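# Tertiary structure, described
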Amino acid sequence: MKITVIIPAAGSGERFGGKKQLKRMGNRPLLFHTLKPFIASELITEIVVVVSKDDVYQVERALKSMISVKTVKVVAGGDTRQKSVFNGLKVSDKSSELICVHDAVRPFVTEALIDKVIQACDKHDGVILAQRSTDTIKKVMNDQILETLPREIIWRAQTPQVFAKQALQEALELAEAENILRTDEASLLERIGYQVGFVEGSSMNIKITTEEDWVFAEAIYKSLNND
Ligand code: C5P
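Here we summarise the structure given alongside this text. (Residues numbered from 1 in each chain as written. Predicted model: local features only at pLDDT ≥ 70, side-chain atom pairs only at ≥ 80, totals over all residues. Heavy atoms only, no water.)

## A short note on the site of the ligand
Around the ligand lies a shell of 15 residues, among which Pro 8, Ala 10, Gly 11, Ser 84 and Lys 207 are the nearest. Between the ligand and the protein, one listed contact pairs a nitrogen atom with a backbone N or O atom of Thr 80 at 3.3 Å. Ala 104 places a main-chain nitrogen or oxygen 3.2 Å from an oxygen atom of the ligand. Of the residues in the shell around the ligand, the class split is 5 nonpolar, 5 polar and 5 charged. (Near = heavy atom within 4 Å. Polar contact = N/O pair within 3.5 Å; in protein donor to acceptor, adjacent residues only side chain to side chain. Nonpolar A, V, L, I, M, F, W, Y, C, P; charged D, E, K, R; others polar.)

Next up, the structure:
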C-alpha cells in the first residue's frame with residue numbers, strides 16, 4: 001500500500017518570533033529531525049513537505065540531496081495550516097491510499113509511533129495519536145471559568161494523524177467550500193461523520209510553539225542524543 005506523509009512546515013512562527021522549523025537543533029535544522037523517522041520508515045512511500053513560498057527552492061535542494069530512497073516533493077503552503085495541508089494533498093501520489101499528516105514542529109516522533117498509528121487504520125477512516133490530559137481543563141470566557149471538563153475523557157491530540165485519502169480529500173474540500181477552519185485534520189473528518197480513532201501517543205512527542213517549548217525540546221534532544 002502507498003502512504004504519503006505531508007509535513008506542514010509553512011508557519012511564520014508568530015508565537016515564536018521566527019521560523020522554528022528551520023532553526024538548528026544540535027547541528028541540523030529542526031525539520032531534519034522531524035523527517036528522519038519518516039525517511040527511515042518502510043511504511044512511508046512518499047514525503048511531501050509544505051513550506052513558505054520563499055523557502056521552496058532552498059528546502060527542495062537540501063532535501064533532494066539528502067533523501068534518495070523515496071520520492072520527496074516540496075510545495076508552497078497557504079496562510080493557514082489547513083490550506084498548507086490541502087496544498088500538500090493536491091501534489092500527493094494519485095495512487096496513495098493513506099495520508100499521514102505530521103507537524104514539522106514535533107521533532108521527537110519515532111518510527112514506532114508512526115507504525116502504531118498506521119497499523120490502527122484498518123478499523124477506522126482515520127486514526128490520530130493522542131495523550132491523556134494530566135491537567136484539569138477549563139472552558140473559559142474572558143477572565144471567567146464557564147465549565148470544568150471531566151478529565152477522564154479529555155485527551156490531547158497530537159500528530160501523526162493518518163486518514164484514508166479519499167476521506168481527507170472530501171473533508172478538506174467541504175471545509176473550504178463552507179469556510180470552516182479547524183486546527184487539526186481529524187476534526188474536519190469528525191465534523192462530516194467519519195469515524196476517527198486514536199491510539200496513545202507519547203509525552204515526548206511535544207509540539208514546539210513558544211520559546212519556552214524550545215527550551216524543553218533542547219533538553220529532550222540532549223537526553224536522547226546523550227550530549
Ligand atoms: O499553527 P500550528 O501551531 O497548528 O502549526 C502546526 C504546523 O503547521 C507547523 O509545523 C507549521 O509550520 C504548520 N503551518 C503551515 N502553514 C500555516 C501555518 C502553520 O504549514 N499557514
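## Points about the packing of aromatic side chains
Scanning the entire structure with this criterion turns up 1 aromatic pair. When the ring of Trp 155 is compared with that of Phe 198, the centres are 4.7 Å apart and the planes differ by 50°; the resulting orientation is tilted. One end of the pair, Trp 155, is in strand β10 (residues 155-164); the other, Phe 198, is in strand β11 (residues 196-200), and 43 residues separate them in sequence. By relative accessible area, which is 26% here, Trp 155 ends up partly exposed. (Phe/Tyr/Trp six-rings, centres within 6.5 Å; stacked < 30°, edge-to-face > 60°. Helix = DSSP H or I, 4+ residues; strand = E, 2+ residues; numbered from the N terminus. Buried < 20%, exposed > 50% of the residue type's maximum accessible area, 1.4 Å probe, protein only.)

## Things to note about the state of the cysteines
One pass over the structure, following the stated rule, counts 0 disulfides. A disulfide-free cysteine, Cys 121 has its sulfur positioned 8.5 Å from the sulfur of Cys 100, the nearest such atom. (Disulfide = S-S within 2.5 Å.)

## Examining the sheet that holds β11
Judged by pairing direction, the sheet is mixed, and its 7 strands sit side by side in the order β5-β4-β1-β6-β10-β7-β11 without closing on themselves. Looking at strand neighbours, the two that pair on one side only are β5 (71-76) and β11, the edges of this open sheet. Each strand of the sheet is rotated relative to its neighbour by a mean of 25°, with strand direction disregarded. Where strand β1 (residues 3-8) and strand β6 (residues 98-101) come together, 4 bridges link them in parallel fashion. The partner of Thr 4 across the bridge, within β6, is Ile 99. Each of β6 and β10 touches helix α5 (residues 165-177); the most contacted strand, β10, lies at about 110° to it. (Pairing = 2+ DSSP bridges. Axes fitted to C-alpha atoms, helices over the stretch in contact; angles between N-to-C directions. Contact = heavy atoms within 4.5 Å.)

## Topic: the packing of helix α3 (residues 81-91) against α5
Across the interface, α3 lies against α5 with an axial gap of 11 Å and an inter-helix angle of 135°. Classified by the angle their axes make, α3 and α5 are oblique. Considering how the two elements wind past one another, α3 and α5 form a crossing that is left-handed. For the pair α3 and α5, the contacting residues are Gln 82, Val 85, Phe 86 and Leu 89 in the first and Lys 165, Leu 168, Gln 169, Leu 172, Glu 173, Ala 175 and Glu 176 in the second. (Parallel < 35°, antiparallel > 145°, perpendicular 65-115°, else oblique. Left-handed = near helix turned anticlockwise from the far one by under 90°.)

## With respect to the environment of Cys 100
For Cys 100, the location among the structural elements is in strand β6. Considered as a pair, Cys 100 and Glu 185 are 85 residues apart in the sequence and their alpha carbons are 10 Å apart. If near-sequence neighbours (up to four positions away) are discounted, Cys 100 is found in contact with Ile 3, Thr 4, Val 5, Ile 6, Phe 38, Pro 160, Gln 161 and Val 162.

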